Amino acid sequence: MAELDKADREKLDKGSFAFPGERKEPLENASHVRNAIARFNQVKGVSDDERDAAWQRIEAAARKHGVEIKEQSWREIGKG
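These lines cover the structure that appears in this document, whether it is placed above or below. (Residues numbered from 1 in each chain as written. Predicted model: local features only at pLDDT ≥ 70, side-chain atom pairs only at ≥ 80, totals over all residues. Heavy atoms only, no water.)

### Comments concerning helix 2 (residues 30-39)
Then, in step 1: Ala30, Ser31, His32, Val33, Ala36 and Ile37 are the residues of helix 2 that are buried.
Then, in step 2: Buried residues in helix 2 make contact with strand 2 (24-26) and helix 3 (48-65).
Then, in step 3: Its side-chain oxygen at 3.1 Å from the backbone nitrogen of Ser31, Asn29 defines the N-terminal cap of helix 2. (Buried < 20%, exposed > 50% of the residue type's maximum accessible area, 1.4 Å probe, protein only. Helix = DSSP H or I, 4+ residues; strand = E, 2+ residues; numbered from the N terminus. Contact = heavy atoms within 4.5 Å. Polar contact = N/O pair within 3.5 Å; in protein donor to acceptor, adjacent residues only side chain to side chain.)

Following this line, the structure appears as structure tokens:
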């Protein structure tokens, strides 16, 4: 995965993250999208509404970067 150091991460606008308020799970490339899905349930302190919005951002980034998502909702992560 393309690692972002602290300086690179701070340069990203909030819209570049699945969880922009927390600046968690960047979505800058396919590897980041896959990682955001894998780590989605590890993000603490966010509401279901924030998770719904984050999932929409992840889906959009997945389409942009050619990442296939088998789950239809974040609620399906880890259930299959």
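From this point, things continue past the structure.
### Digging into the nonpolar core
Then, in step 1: Counting 19 residues, the largest nonpolar core has Phe19, Leu27, Val33, Ile37, Phe40, Trp55 and Ile58 as the members making the most contacts within it.
Then, in step 2: Those elements giving two or more residues to this core turn out to be strand 1 (17-19), helix 2 and helix 3.
Then, in step 3: Of all the elements, helix 3 adds the most residues to this core, at five residues.
Then, in step 4: Beyond its immediate stretch of four places on either side in the chain, Val33 contacts Leu27, Ile58, Ala61, Ala62, His65 and Val67. (Core = buried A, V, L, I, M, F, W, Y, C linked by side-chain atoms within 4.5 Å.)

### Quick word on helix 3
Then, in step 1: Its 18 residues place the ends of helix 3 25 Å apart at the C-alpha level, agreeing with the 26 Å of an ideal helix rising 1.5 Å per residue.
Then, in step 2: On its buried side, helix 3 packs onto strand 1 and helix 2. (Expected span 1.5 Å × (residues − 1).)

### What about the environment of Ile37?
Then, in step 1: Turning to its location among the elements, Ile37 is positioned in helix 2.
Then, in step 2: Given a relative accessible area of 12%, Ile37 falls into the buried group.
Then, in step 3: Among residues more than four places away in sequence, those in contact with Ile37 are Trp55, Ile58, Ile69, Glu71 and Ile77.

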